[in-house]
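Next come the chains, spelled out residue by residue.
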Amino acid sequence: MGAKIPMLDLGPEVEELWDELRTALDATLRSTRFILGPNVVEFEREAAEWLGVRRAVSLNSGTDALVLGLRALGIGPGDEVVTSAFTFVATAEAICRVGATPVFVDVEPASFNLDLERLAAHLDGPAGERTRLVIPVHLFGHPVDMDAVLSLCEPRGIPVFEDAAQAFGATWRGRRVGGFGRAGAFSFFPSKNLGAYGDGGLVVSDDDSFADTVLELRNHGALDKYEAHSVGYNSRLDEIQAAVLRVKLPHVDAWNDKRREVARLYREGLAGLDGVETPDEAEGAHHVFHQYTLRVRDGRRDELERRLGDAGIACAVYYRVPLHRLAPFAQPPGTELRETDRASEQVLSLPIGAYQPEPVTARIVAALRGDQTGG
Ligand SMILES: Cc1ncc(COP(=O)(O)O)c(C=O)c1O
């Protein structure tokens, strides 16, 4: 067995950026400005420009980007928010945190994103009247068809808040995701396509009054320390993380291209493997492969997980328990989310990252192929 292969190795990235990081961090330390200083201001400006939006407000996590965004959109107790149950727990958690109710619509099998035909049926049904917001999740880095989402929601007067936590740099028909809806949320958890070296998050919007509300909420409900206008939070991105993110932002497109190259090697290497489907890229979508997620049919997932484990290769099941099967997010009796359940039973995510060397990808492919021949 060769050296162990983790899901993601950030070592080569830190090595490559070492001098730039040291310069940025040294300057930040010497400045002794650690909260709401120049790095935060500049990072927000650079990120807004990069994403093609008017405003970007940084926060201390992607979860808070969702929570404060929901607050600024006026979502609260009694409101129903439609999203997917096949996502990270934070999506539904944020909805509950503001006192609203998550309502799940099934996913479509190819991308694992919201099934837009089912979303249309839901909004046309009795629950449509109660829906105050739709949160599409660009899962694993594959963009949702935002034209279709907006054409369903806009005529009904329902705002859209994109959970783009996993899709920094993904585009739909050439436009970066996050900027399509009324607002968009990103996470800078270290493993994300743009990751900080700690927690961080971002909310984006073209709407100044929304962005100003988030600015207040993140700082105890006050732009001025002593004049709270609302009950807020302490949710500021710190200067050290902002300095790291400013070093990393210019590299994201090249890194996403490298992830796509790893994905290409996987797709070619795994073609024709029994029971294994490699991820699709819809027409109009530019997938940034935050995760490289297979669908493994015929009940063979456990066996493949074991085989990878035996070869010293990490893998992960995102998400083994869909949110509607977790007590805090239980849905009314009779709710059926068949494709969501099926996805949870069949998905398997493989290691991927911008710096993943070709021989590592080849070893993973060989381990999976070896499984089929029993070798
Ligand atoms: C889809 C999704 N939404 C929200 C979040 C929350 O982000 P964070 O971990 O930065 O709070 C994540 C992150 O892991 C995520 O994957």
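Participant: Looking at this structure, I do not really get the domain arrangement of the protein chain. What am I missing?
Facilitator: Put simply, an interface is often sized by how much accessible area is lost when its parts join up. Segmenting the protein chain into domains produces domain 1 (11-251) and domain 2 (252-373). Between domain 1 and domain 2, the C-alpha centre-to-centre distance is 24 Å. The interface is formed by 45 residues belonging to domain 1 together with 35 residues belonging to domain 2. Regarding the contact of domain 1 and domain 2, the summed buried area is about 3,400 Å², with carbon and sulfur atoms giving 62% of it. By the criterion of area lost to domain 2, the three top residues of domain 1 are Phe86, Phe140 and Asn193, representing 21% of everything that side buries. Run the count over domain 1 and domain 2 and you get one salt bridge. In this structure, the salt-bridge partner of Arg176 is Asp253, at a minimum N-O distance of 3.0 Å.

Participant: Looking at this structure, how should I read the sheet that holds strand 12 (residues 292-296)?
Facilitator: Pairing between sheet strands relies on hydrogen bonds along the backbone, with the strands arranged either parallel or antiparallel. An order of 10-12-13 is seen for the three strands of this open sheet, with the pairing classed as antiparallel. On the outer flanks of this sheet lie strand 10 (276-277) and strand 13 (347-350), each paired with one strand and no other. In this structure, strand 10 lies alongside strand 12, joined through two bridges in antiparallel fashion. Looking at the pairing, Val276 lines up with Val296 of strand 12. In the packing of helix 10 (residues 301-310) onto the sheet, contacts are made with strand 10, strand 12 and strand 13, and the angle to strand 13 comes to roughly 20 degrees. Each of strand 12 and strand 13 touches helix 11 (residues 338-346); the most contacted strand, strand 12, lies at about 100 degrees to it.

Participant: Would you take a moment to explain empty space enclosed by the protein for this structure?
Facilitator: One way to see where empty space is left: roll a probe the size of a water molecule over the atoms. Taken as a whole, this structure holds two cavities of 30 Å³ or more when the rule is applied. Roughly 120 Å³ of volume is contained in the largest cavity. The wall of the largest cavity is formed by 15 residues, among which Leu8, Leu10, Glu13, Arg259 and Ala354 lie closest to the centre. Two domains each put at least three residues into the lining of the largest cavity: domain 1 (11-251) and domain 2 (252-373). Empty space within the second largest cavity amounts to approximately 60 Å³. Contributing to the lining of the second largest cavity are Ala110, Ser111, Phe112, Phe140, His142, Pro279, Asp280, His287, Gln291 and Thr293. Looking at the lining of the second largest cavity, its residues break down into four nonpolar, five polar and one charged.

Participant: Even after reading the chapter, I still don't get the site of the ligand, so can you show me in this structure?
Facilitator: The full set close to the ligand counts 15 residues, and Gly62, Thr63, Asp163, Ser187 and Lys192 are the nearest of them. A distance of 2.8 Å separates an oxygen atom of the ligand from a polar side-chain atom of Gln166. At 2.7 Å, a side-chain N or O of Ser187 approaches an oxygen atom of the ligand. If you map the ligand onto the pockets, it falls in the largest pocket. Listing elements by their share of the shell around the ligand, those giving two or more residues are helix 3 (62-72) and helix 4 (89-97). Among the elements that take part in the shell around the ligand, helix 3 stands out by supplying three residues, more than any other. Considered class by class, the residues forming the shell around the ligand number five nonpolar, eight polar and two charged.

The rules behind each value
- Residues numbered from 1 in each chain as written.
- Predicted model: local features only at pLDDT ≥ 70, side-chain atom pairs only at ≥ 80, totals over all residues.
- Heavy atoms only, no water.
- Domains from an automatic or database assignment.
- Contact = heavy atoms within 4.5 Å.
- Buried area = accessible area lost by both parts, 1.4 Å probe.
- Salt bridge = Lys/Arg side-chain N within 4 Å of Asp/Glu carboxyl O.
- Pairing = 2+ DSSP bridges.
- Helix = DSSP H or I, 4+ residues; strand = E, 2+ residues; numbered from the N terminus.
- Axes fitted to C-alpha atoms, helices over the stretch in contact; angles between N-to-C directions.
- 1 Å grid on protein atoms, 1.4 Å probe; cavity = no way out; pocket = protein on both sides within 12 Å on 5 of 7 lines; lining within 4 Å.
- Points joined across faces, edges and corners; volume = space filled by probe spheres on them.
- Nonpolar A, V, L, I, M, F, W, Y, C, P; charged D, E, K, R; others polar.
- Near = heavy atom within 4 Å.
- Polar contact = N/O pair within 3.5 Å; in protein donor to acceptor, adjacent residues only side chain to side chain.
- Sits in = over half its atoms within 2 Å of the grid points.

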